[in-house]
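Observations on the three-dimensional arrangement
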Amino acid sequence: MATVSLRLGDLVWGKLGRYPPWPGKIVNPPKDLKKPRGKKCFFVKFFGTEDHAWIKVEQLKPYHPHKEEMIKINKGKRFQQAVDAVEEFLKKAKSKDQSSHSEEKNRRNSSEERSKQNSGDEKRKAGLSEGKVRKNMGEGKKRVTSASAERGSKSPLKRAQEQSPRKRGRPPKDEKDLTIPESSTVKGMVAGTMAGFKWQPSVSEPVKDGDPHFHHFLLSQTEKPAVCYQAITKKLKVCEEETGSTSIQAADSTAVNGSITPTDKKIGFLGLGLMGSGIVSNLLKMGHTVTVWNRTAEKCDLFIQEGARLGRTPAEVVSTCDITFACVSDPKAAKDLVLGPSGVLQGIRPGKCYVDMSTVDADTVTELAQVIVSRGGRFLEAPVSGNQQLSNDGMLVILAAGDRGLYEDCSSCFQAMGKTSFFLGEVGNAAKMMLIVNMVQGSFMATIAEGLTLAQVTGQSQQTLLDILNQGQLASIFLDQKCQNILQGNFKPDFYLKYIQKDLRLAIALGDSVNHPTPMAAAANEVYKRAKALDQSDNDMSAVYRAYIH
C-alpha cells in the first residue's frame, strides 16, 4: 500500500500480516502501549473484530477513496460485517454532527439577538449618561464619563464573561459536546460515538468503551486486579494464581508491536479436522513455518496454497520439525497416531517436541507422555475448549500440562490460536480439566434441549422461552447459538455430537475412578446415546434435541 497523509481520527484500510486489508480507525493507544521504533506507524482499531494494532503508514489507505476497491477483492461474511459496522458508525456520526451544527446555529442566533438587545441597552444608557453629564459637572462629570467610557470599551461578550462565575477556559455546561473534529476524512467524527472512548490504565475503574465495535480481550482485563498494562507489551502475560496454575493471556494477533512475533522454530501439525483446520490457518496467518499432515491428504491442499509444507507421514513431520502439534478425535486415534506405522514415535529424537491437543482421558495422555519422553522427546498436553468458529477466529482456550519449558516455547503458537492458555502442572491435569469442562457443557446442552421440547409439548412458545433465557442470568452466546440451531433446524456441526458424547463418557469414567458420583452427566450421556442411535453422530451437539422428539 502506498504512503498517505493521515491523522488521528481518520478511517482507514489497514493491512496486517497475512490478513486482507480491513477497515479501522486511527485512535490514541493506551498510555502504556509504546510505539514501535523504526518506521512511522499509527495505532488502529479495527471494526467488526477484537483487534487493534500498530500499523506502518505504508500499510494504510484512506477508507472512502478505496472502499469500492476493497469490497471487490474481499467477499467474506466477517469482512462484510466489518464494512456494515463502519457504515453504521458513519451514519451515527453524521446524525450527531448535524444535530451539533443545528444546536450551534441556534446558539449563534440567540447570541446575536442578545448582542442586539445589549447594544440597544448601551445606547439608552449612553443617552442617560450624557444627560447626567450635562447636569453634573466636576467630579460627578468625571465619574460618569469614566464609567460610561469603560462600559463602551467592552463588548457584551466580554462583560458576560466577566459576570460569569465560570472559570476561564472551560466551556459552559451546554457546550461540552461541541468539539472540533480531528479528522479530515470524516467531519465531526470525534464529536460522534468515539469521542467518549477513553483508555483507562487503572485497574480500579472499568474501561468505558463508547463504541460497541471496539473491544479487546487484553484491554477488557483491566477490570481484574491480576492484570496490568505493562504485560501487554510482552510476549506472555503470566499470572500466578492460588491454584498454582499459570495463564498466558495472548488474545489476538496484535498484542506485541501490532503483531505476534512468530517463533523461529519449525512447527508441525497433525490432524486437520474442525478444530485443527482453524488452528493451522491462524498459525500460518501469524507467520509461522508449518508442515501439515492429515489422514485424508486432500484436506492439506488448501493449507499448502496458504504456504504450509506437506508431510508424507507423522514420523516425517516430527523428524523435520522442532515442535509438532496433533489434534485428533479420541483416545484410539491419539494412540494410533503416536504408536502406529510411520507414527510420531518413529520421528522422535532427543530434543524433539510433541504437543497433543486432543481431548482424551488422563491415562491415555500419560501413556503417550511416557513413550515420547523415553525416546528423549519433550511432551505437553494442550486440549482446547471451544468450537469450530472459535478455532477459526483464533479465540480458543488452551489447557496445558507437562513440560513447562515447552509450554513457554509454544507461546507464539498459543497466542495465534487462542485468547487464553492455562498451565495446569503435571501431565494428566489438563485432560481431567478438559473433560470436566466438556461434561458441564454437554449436560447444559441436553438440559437446553429438554427445556425446549417441554415448552413445545405444553403449548408454550420456544422462541419466547429463548427470549426469556436471554434476558436472565443464563444468557450466553452458547445458549443463544444452540437454541437458534434447534429453532431453525440447522445442525451443521460446530462441535460434533459424537465427540461431546465421548467426552461425557470419559468424564463419567473419571468420576468412577475416584468414586465420585456424576448422575447428571450420566443422564445426559444416555440422551446423547439415544441421539447417536438416531444417526445424529455427525451433526452438531445441539442435535441432541432430536432424541427428545422421536
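The structure contained in this document is the topic of the report that follows. (Residues numbered from 1 in each chain as written. Predicted model: local features only at pLDDT ≥ 70, side-chain atom pairs only at ≥ 80, totals over all residues. Heavy atoms only, no water.)

Helix and strand counts for the protein stand at 20 helices and 16 strands. The buried share of the protein, taken over its 550 residues, is 44%. When contacts within the protein are restricted to residue pairs at least 6 apart in sequence, those whose partners lie at least 24 apart make up 64%. (Helix = DSSP H or I, 4+ residues; strand = E, 2+ residues; numbered from the N terminus. Buried < 20%, exposed > 50% of the residue type's maximum accessible area, 1.4 Å probe, protein only. Contact = heavy atoms within 4.5 Å.)

Once that is clear, we can look at the sheet that holds strand S5 (residues 60-62). Sheet architecture is open: five strands sit in the order S4-S3-S2-S1-S5, paired in antiparallel fashion. The open sheet has two edge strands with one neighbour each: strand S4 (52-56) and S5. Across the sheet, the mean angle separating the axes of adjacent strands is 45 degrees when strand polarity is ignored. (Pairing = 2+ DSSP bridges. Axes fitted to C-alpha atoms, helices over the stretch in contact; angles between N-to-C directions.)

With that out of the way, let us pick up the pairing of strand S12 (residues 353-356). Taking every second residue as pointing to the same face, both faces of S12 are buried, with Cys-353 and Val-355 on one and Tyr-354 and Asp-356 on the other. Across four bridges, the pairing between S12 and strand S13 (residues 378-381) is parallel. Its bridge partner lying in S13, Asp-356 is registered against Glu-381. With helix H11 (residues 362-374) bridging S12 and its parallel neighbour S13, the resulting β-α-β unit is right-handed. (Right-handed = clockwise from strand over helix to strand, strands pointing away.)

This part covers the nonpolar core. Counting residues in each nonpolar core, the largest one holds 35 residues, and the members touching the most others are Phe-269, Phe-325 and Met-357. Secondary structure elements with two or more residues in this core: strand S8 (267-270), helix H6 (274-285), strand S9 (290-293), strand S11 (323-326), S12, strand S15 (396-402), helix H13 (404-409) and helix H14 (411-417). Residue contacts for Phe-269: discarding those within four places in its chain leaves Gly-276, Ile-279, Val-280, Leu-283, Val-290, Thr-291, Val-292, Trp-293, Val-317, Phe-325, Cys-327 and Met-357. Formed by 30 residues, the second largest nonpolar core is a distinct cluster that contains Leu-435, Leu-452, Leu-504 and Val-544. (Core = buried A, V, L, I, M, F, W, Y, C linked by side-chain atoms within 4.5 Å.)

As a further point, take the packing of aromatic side chains. In this structure the tally under the stated criterion is twelve aromatic pairs. Relative to Phe-325, the ring of Phe-269 lies with its centre 6.3 Å away and its plane at 20 degrees, an arrangement referred to as stacked. Placement of the pair is Phe-269 in strand S8 and Phe-325 in strand S11, with a sequence separation of 56 residues. The class for Phe-269 is buried, based on a relative accessible area of 0%. A residue is classified by how much of its surface remains accessible, and Phe-325, at 0% relative accessible area, is buried. For the pair Phe-325 and Phe-414, a centre-to-centre distance of 6.3 Å together with 70 degrees between the ring planes defines the contact as edge-to-face. One end of the pair, Phe-325, is in strand S11; the other, Phe-414, is in helix H14, and 89 residues separate them in sequence. Residue class for Phe-414 comes out buried when judged on its relative accessible area of 2%. Three or more aromatic residues joined by ring pairs form one cluster here, namely Phe-269, Phe-325, Tyr-407, Phe-414 and Phe-423. Above the plane of the ring of Tyr-496 lies Lys-498, whose end atom (NZ or CZ) is 5.2 Å from the centre. (Phe/Tyr/Trp six-rings, centres within 6.5 Å; stacked < 30°, edge-to-face > 60°. Lys NZ or Arg CZ within 6 Å of the ring centre and 35° of its normal.)

Position of Ser-391 among the secondary structure elements: in helix H12 (residues 388-393). For Ser-391, a relative accessible area of 0% puts it in the buried group. Those residues in contact with Ser-391 that lie beyond four places of it in its chain are Leu-274, Met-275, Gly-278, Ile-279, Asn-282 and Leu-396.

Over the atoms a probe the size of a water molecule is rolled, and this reveals where empty space is left. Empty space within the second largest pocket amounts to approximately 920 Å³. Taken together, 38 residues make up the lining of the second largest pocket; nearest its centre are Gly-273, Cys-327, Val-328, Ser-329 and Tyr-499. At the level of elements, H6, helix H9 (331-339) and helix H18 (497-513) are the ones that each hand at least two residues to the lining of the second largest pocket. Here the lining of the second largest pocket is composed, by residue class, of 15 nonpolar, 15 polar and eight charged. Mapped onto the domain boundaries, the lining of the second largest pocket takes at least three residues apiece from domain 2 (267-427) and domain 3 (434-547). (1 Å grid on protein atoms, 1.4 Å probe; cavity = no way out; pocket = protein on both sides within 12 Å on 5 of 7 lines; lining within 4 Å. Points joined across faces, edges and corners; volume = space filled by probe spheres on them. Nonpolar A, V, L, I, M, F, W, Y, C, P; charged D, E, K, R; others polar. Domains from an automatic or database assignment.)

What follows covers the packing of H18 against helix H19 (residues 519-533). Between H18 and H19, the shortest axis-to-axis distance is 9 Å and the interhelical angle comes to 145 degrees. The hand of the H18/H19 crossing is left-handed. Taken together, the residues of H19 that come into contact with H18 (itself represented by Leu-497, Ile-500, Gln-501, Leu-504, Arg-505 and Ile-508) are Ala-521, Ala-522, Ala-524, Asn-525, Tyr-528, Lys-529, Ala-531 and Lys-532. Grouping the amino acids of the contact of H18 with H19 by side-chain chemistry returns nine nonpolar, two polar and three charged. (Left-handed = near helix turned anticlockwise from the far one by under 90°.)

Bringing H9 into the picture now. Considered for burial, the residues of H9 that qualify are Pro-331, Ala-334, Leu-337 and Val-338. Each buried residue of H9 lies within a common arc of 130 degrees when the element is viewed along its axis, so the set occupies one face. (Arc of directions from axis to C-beta.)

Moving on: unusual backbone geometry. Both trends apply: most residues other than glycine have a negative phi, and most peptide bonds are in trans. In the Ramachandran plot, Asn-515 falls in the positive-phi region, its phi being about 55 degrees despite a non-glycine side chain. Phi at Asp-535 takes a positive value of approximately 65 degrees, unusual for a residue other than glycine. Mapped onto the elements of the fold, Asp-535 is located in the loop between H19 and helix H20 (546-549). Residue Asp-535 is classed as exposed on the basis of its relative accessible area, which comes to 67%.

Our focus in this paragraph is the state of the cysteines. Here the structure, examined in full by the defined rule, presents zero disulfides. Of the cysteine sulfurs around Cys-413, a residue in no disulfide, the closest is that of Cys-410, at 5.8 Å. (Disulfide = S-S within 2.5 Å.)

A word on the pattern of salt bridges. Applying the stated criterion across every chain yields a total of twelve salt bridges. Taking the shortest distance from any N to any O, the salt bridge between Lys-67 and Glu-87 comes out at 3.1 Å. Placement of Lys-67 in helix H1 (residues 67-73) and of Glu-87 in helix H2 (residues 77-135) is noted, with a sequence separation of 20 residues between them. With its nearest N and O atoms 2.7 Å apart, the salt bridge here joins Arg-312 to Glu-316. Among the residues examined, Arg-312 registers a relative accessible area of 67% and is labelled exposed. Three or more residues are tied together by salt bridges with common partners; here these are Arg-378, Asp-403 and Asp-409. (Salt bridge = Lys/Arg side-chain N within 4 Å of Asp/Glu carboxyl O.)

Turning next to the environment of Gln-484. With respect to the secondary-structure elements, Gln-484 resides in helix H17 (residues 477-488). Exposure remark for Gln-484: the relative accessible area of 23% places this residue in the partly exposed category. Considered as a pair, Gln-484 and Ser-542 are 58 residues apart in the sequence and their alpha carbons are 9.5 Å apart.

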